[in-house]
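Architecture at a glance
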Amino acid sequence: MGFDPDWLKERWRFDAEARHVALTRAVCEHLTSVRGAVYIVDVGAGLGANVRHVAPSLPGEQRWWLVDNDPELLSKAPGALAQWAQGQGWASTPHQDGVTLHRPEGALEVHLAPGSMMTLDKLVPLQTLDLVTANAVFDLLSEAQFADFVGQLTTHQVALWATLNVTGMSFESVGVFDDEPLHDEDRWVIGLYSAHMR
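A brief look at the structure comes next. (Residues numbered from 1 in each chain as written. Predicted model: local features only at pLDDT ≥ 70, side-chain atom pairs only at ≥ 80, totals over all residues. Heavy atoms only, no water.)

1. Points about the overall build of the chain
Here is the rule: In this text, helices come from DSSP runs of H or I with a minimum length of four residues, and strands from runs of E with a minimum of two, each type numbered from the N-terminal end. For every residue, the accessible area obtained with a 1.4 Å probe (protein chains only) is divided by the maximum for its type, and the residue is called buried under 20%, exposed over 50%, and partly exposed between those limits. All accessible-area figures derive from a Shrake-Rupley calculation using a 1.4 Å probe, and residue coverage is judged against the displayed protein chains alone.
The secondary structure content of the chain amounts to eight helices and seven strands. In the chain, buried positions account for 40% of the 198 residues. Accessible surface for the chain amounts to roughly 10,900 Å². Of this, 52% is attributable to carbon and sulfur atoms.

2. Focus: the nonpolar core
Keep this limit in mind: Among the buried residues, those of types Ala, Val, Leu, Ile, Met, Phe, Trp, Tyr and Cys that are joined through side-chain atoms within 4.5 Å form a nonpolar core. Residues are treated as being in contact if the distance between any of their heavy atoms lies within 4.5 Å.
Grouped together as the largest cluster of nonpolar side chains are 24 residues, with contacts concentrated most on Trp 64, Leu 66, Leu 81 and Leu 101. For this core, the leading source of residues is helix H5 (residues 77-88), giving four residues. Filtering out sequence-adjacent residues up to four positions away, Leu 81 remains in contact with Leu 47, Gly 48, Val 51, Arg 52, Leu 66, Val 99, Leu 101 and Val 110. Core analysis: the second largest hydrophobic core is formed by 18 residues, Met 117, Leu 120, Val 137 and Phe 149 among them.

3. Section: the pattern of salt bridges
So the rule is basically this: We define a salt bridge as a contact between a side-chain nitrogen of Lys or Arg and a carboxyl oxygen of Asp or Glu at a distance within 4 Å.
For the structure shown, the criterion picks out two salt bridges. Note that Glu 109 and Arg 63 form a salt bridge whose closest N and O atoms lie 3.7 Å from each other. Linking Glu 109 in strand S5 (residues 106-114) with Arg 63 in strand S2 (residues 62-68), this pair joins segments that are 46 residues apart in sequence. Overall, Glu 109 belongs to the partly exposed group, its relative accessible area being 23%.

4. So, the sheet that holds S2
Put simply, the rule reads: Note on pairing: two strands pair once DSSP finds at least 2 bridges between them. Here, axes are lines fitted to C-alpha atoms. For helices the fit covers the stretch in contact, and angles between N-to-C directions go from 0 to 180 degrees.
Spatially, S3-S4-S5-S2-S1-S6-S7 is the arrangement adopted by the seven strands of the open sheet, whose pairing is mixed. Each edge of the sheet is formed by a strand with only one pairing partner; in this case those strands are strand S3 (91-95) and strand S7 (160-163). Between one strand axis and the next, the sheet turns through 20° on average, direction left out of account. As judged from the four bridges shared by strand S6 (residues 131-135) and S7, these two strands associate in the parallel manner.

5. Concerning the side chain of His 111
What counts here: Polar contacts, as counted here, are pairs of nitrogen or oxygen atoms within 3.5 Å of one another; within protein the pair requires one atom able to donate a hydrogen and one able to accept it, and residues that are adjacent in sequence qualify only if both atoms are side-chain atoms.
Here His 111 lies in strand S5. In terms of polar contacts, His 111 uses its side chain to reach the side chain of Asp 97, at 3.0 Å. A polar contact is formed between the side chain of His 111 and the side chain of Glu 109, at a distance of 2.6 Å.

Spatial relationships are all this shows, so hold off on functional conclusions.
Okay, here's the thing in structure tokens:
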């Protein structure tokens, strides 16, 4: 397993506080114009933090696909989401590949899609999606991988909402690269973070 579930649970509160409120509102307002159920994929989904953050702001029925390349971690998402739903006063029903959360505003159906986001078109129905979300995941990709990923979305004209919770830092000063020198792709990612934070 890549990321520890307990660590992801602990960071949820900090990630939630770091979310851009106005941007979240704008995305949710856009999605309310969708007729029928809203179809969303979350890549690098882990325990379903983006579902917890976005779903309460959307009316009506929702269909989510959680994509993660760690099937063991992803298998814990239905239980984590059911526990969260219980705290919201919603019932939940497990199903073959996920869980359905029963909200008064409409059912929130969550499907697990274990696999790589690099083959997203083989895991989920891209042609019917309204949105792809990702939180703190693209720093794990090279520039070429990111371009390939975005290419999949462009082909199907699917919007991407990527949130990166970075407050700005010097990677050299915190000892991240003590054991090896910076690579060109490291510099590329650090440059993107720095430019974004200006």
